[in-house]
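# Geometric and topological summary
What follows is each chain in one-letter form.
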Amino acid sequence: MHIRRLDADLDLGPCCACSREGSEVRTLLMLDRKAHIPGTGWGNAAAGLPADGAIAVLCDNCLETGSELTQVVYGFVASKERRPLEELTEPFGVAEAQ
Ligand SMILES: [Zn+2]
């Protein structure tokens, strides 16, 4: 799993593990599953990956304690919508990049 940490002044919506909201929610996780909506997730143009990878966000506390994700971002991060992680079954990322 790739982890990208963002600056704190972005409002990413509720944490995907504990649903807390606020400035402590500032870590983006790039998951190795395909997002609900193609084109709204992470990708890697250099590796020929479309932006279809699912994204989750975590608060500082959950990142530290390793809390398990239960939700993922649905649509663009800015929409702040969440859906259950278990809905995502299609793999994405590593396999396609090779
Ligand atoms: Zn949390």
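Our structure's up above, just so we're on the same page.
Residues numbered from 1 in each chain as written. Predicted model: local features only at pLDDT ≥ 70, side-chain atom pairs only at ≥ 80, totals over all residues. Heavy atoms only, no water.

Summing up its helical and strand segments, the protein chain has 2 helices and 6 strands in all. Ordered by position from N to C terminus, the α and β elements of the protein chain give β-β-β-β-α-β-β-α. Within the protein chain, the proportion of its 98 residues that are buried is 37%. Of all intrachain contacts in the protein chain linking residues separated by at least 6 positions in sequence, the fraction that spans at least 24 positions is 59%. Accessible surface computed for the protein chain: about 5,700 Å², of which carbon and sulfur atoms make up 49%. (Helix = DSSP H or I, 4+ residues; strand = E, 2+ residues; numbered from the N terminus. Buried < 20%, exposed > 50% of the residue type's maximum accessible area, 1.4 Å probe, protein only. Contact = heavy atoms within 4.5 Å. Areas by Shrake-Rupley, 256 points an atom, 1.4 Å probe, with all protein chains shown as cover.)

Here the focus is the coordination of the zinc ion. Metal coordination angles have textbook ideals: 109.5 degrees for a tetrahedral set of four donors and 90 or 180 degrees for an octahedral set of six. Those donors, Cys15 (SG), Cys18 (SG), Cys59 (SG) and Cys62 (SG), are the protein atoms that reach the zinc ion, and they lie 2.2 to 2.3 Å from it. If you look at the zinc ion, its 4 donor atoms make angles of 102 to 116° with each other, and the shape they trace is tetrahedral. Look at Cys15 and you get buried, because its relative accessible area is 2%. Among the residues examined, Cys18 registers a relative accessible area of 37% and is labelled partly exposed. (Donors = N, O, S within 2.8 Å, 3.2 Å for Na, K, Ca; no water. Tetrahedral: all angles 85-135°; square planar, octahedral: opposite > 155°, others 65-115°.)

A separate point is the nonpolar core. The biggest cluster of nonpolar side chains holds 25 residues, and the ones touching the most others in it are Leu31, Val57 and Leu69. Contributing elements (two or more residues each) for this core: strand E2 (25–34), strand E4 (49–59) and strand E5 (71–74). For this core, the element with the most residues is E4, which contributes 7 residues. If we ignore the near neighbours within four places in the chain, the residues touching Leu69 are Cys16, Ala17, Leu29, Leu31, Ala56, Leu58 and Leu85. (Core = buried A, V, L, I, M, F, W, Y, C linked by side-chain atoms within 4.5 Å.)

Relative to the assigned elements, Glu87 resides in the loop between strand E6 (81–84) and helix H2 (94–97). For the pair Glu87 and Gln71, spaced 16 residues apart in sequence, the C-alpha to C-alpha distance is 9.2 Å.

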